[in-house]
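Remarks on the overall topology
Letter by letter, the chains look like this.
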Amino acid sequence: MSPFDDQRGDASRKPVSSRGGGISKMAIGAAIMLGTLVAVAAVMFFWRKTVDDPYRTLEPFSADKYFENPQSLTGNRFRATLRVEGDLGWKEGVGKLMVFSVEGDSRFVPVLVAGGKLNISFSKGQTYTANIQVQEGGLIHATDFKKN
């Protein structure tokens, strides 16, 4: 029998209890980190959907108003969700004349895609969000596209 038997017993019990407390502290810390990561991800998601959206300040395009009186919309900029319906041709230095349908309306609208946007490969049925402007005579000019 050793004179240190009593102390060894006490010493062996302390680490077990402190280890158990350490595990629960680690679990709480991990839960806090996970919650923080989820909150940061949510903020980033909403930031990209709202503040980072270049179309957020534009009024939605109304096909009804356009077909009723296109001249009343001349010069105004809009945000439109467009579906590719066809390609009418292109002219160098001018752009590509396309036919789109507007979200929520089955009628077709003529859209002139500016020369700088000709690098986009439009295929029938694809949808885009676009920055559009109604020009003289009712022709719509698209200055920016984002594929949906």
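To start, this report covers the structure provided alongside it. (Residues numbered from 1 in each chain as written. Predicted model: local features only at pLDDT ≥ 70, side-chain atom pairs only at ≥ 80, totals over all residues. Heavy atoms only, no water.)

Moving on, we come to the overall build of the protein. Of regular secondary structure, the protein possesses 2 helices and 6 strands. Within the protein, the proportion of its 148 residues that are buried is 25%. Partitioning the intrachain contacts of the protein with sequence separation of at least 6 by distance along the chain shows that 47% fall at a separation of at least 24. Element-wise, carbon and sulfur atoms account for 59% of the exposed surface of the protein, whose accessible area totals about 10200 Å². (Helix = DSSP H or I, 4+ residues; strand = E, 2+ residues; numbered from the N terminus. Buried < 20%, exposed > 50% of the residue type's maximum accessible area, 1.4 Å probe, protein only. Contact = heavy atoms within 4.5 Å. Areas by Shrake-Rupley, 256 points an atom, 1.4 Å probe, with all protein chains shown as cover.)

Let us now look at the packing of aromatic side chains. Following the criterion strictly, the structure yields 8 aromatic pairs and no others. Geometrically, the ring pair formed by F61 and F78 is edge-to-face, given 5.6 Å between the ring centres and 75° between the ring planes. Taken together, the residues span a long stretch of sequence, with F61 in the loop between β1 (59–60) and α2 (63–68) and F78 in strand β2 (residues 77–91) at a distance of 17 residues. Judged by centre distance (5.2 Å) and plane angle (70°), the ring pair of F122 and Y128 falls under edge-to-face. Y128 shares its class with F122; the two are buried. Three or more aromatic residues joined by ring pairs form one cluster here, namely F61, Y66, F67 and F78. (Phe/Tyr/Trp six-rings, centres within 6.5 Å; stacked < 30°, edge-to-face > 60°.)

In this section: the environment of P60. Along the chain, the position of P60 falls in strand β1. P60 gets classed as partly exposed once you look at its relative accessible area, which sits at 49%. Distance in space between the C-alpha atoms of P60 and R79 is 4.8 Å, their sequence separation being 19 residues. In this structure P60 touches F78 and R79, once residues within four positions along its chain are discounted.

Attention now goes to the pairing of strand β6 (residues 140–147). Across 3 bridges, strand β4 (residues 108–114) lies against β6 in parallel orientation. Counted as the bridge partner of V111 is I140 from β6. Of the strand pairs in this sheet, strand β5 (residues 127–134) and β6 are connected by 7 bridges, and their pairing is antiparallel. Paired with A130 across the bridge in β6 is F145. (Pairing = 2+ DSSP bridges.)

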